[in-house]
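Understanding the architecture of this molecule
Residue-level listing of the chains:
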Amino acid sequence: MAIQSVTPALLRLPGVCALVGLSKSQIYRLVRTGEFPEPTRIGANSVAWSAERVNAWVLEKINSSTCK
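Scoring rules and cut-offs
Residues numbered from 1 in each chain as written. Predicted model: local features only at pLDDT ≥ 70, side-chain atom pairs only at ≥ 80, totals over all residues. Heavy atoms only, no water. Pairing = 2+ DSSP bridges. Helix = DSSP H or I, 4+ residues; strand = E, 2+ residues; numbered from the N terminus. Phe/Tyr/Trp six-rings, centres within 6.5 Å; stacked < 30°, edge-to-face > 60°. Buried < 20%, exposed > 50% of the residue type's maximum accessible area, 1.4 Å probe, protein only.

1. Some words on the sheet that holds strand β3 (residues 46-50)
With respect to topology, 3 strands assemble into an open sheet ordered β1-β3-β2, the strand pairing being antiparallel. The open sheet has two free edges, formed respectively by β1 (10-11) and β2 (40-43), since each of these has just one partner strand. As judged from the 3 bridges shared by β2 and β3, these two strands associate in the antiparallel manner. What sits directly across from G43, in β3, is S46.

Dropping the structure here:
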């Protein structure tokens with residue numbers, strides 16, 4: 001399966017949760033420990049994640065899985 005080039009995009013927290021299958025609490029725990037990409041501030045009260053970095057994290061998890 002070929003990986004296609006993705007236009008830069010930002011994902012808000014509900015989209016990140018849906019994409020990776022984790023709760024918001026777990027995502028923020030992983031961010032604190034450096035195991036998940038940090039969000040980018042996009043406004044005074046809002047953050048978003050780089051879709052490219054989140055997708056890279058997902059691919060890393062798939063590639064390192066022992067039950068492929």
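2. Notes on the packing of aromatic side chains
Under the definition given, this model contains 2 aromatic pairs. Residues F36 and W57 carry aromatic rings whose centres are separated by 4.8 Å and whose planes lie at 70° to one another, so their mutual orientation is edge-to-face. Here W57 lies in helix α3 (residues 51-64) and F36 lies in the loop between α2 (24-32) and β2, a separation of 21 residues in the sequence. Of the two residues examined, F36 and W57, each falls in the buried class.

Note that every value here comes from positions in space, so none of it alone points to a role or purpose.
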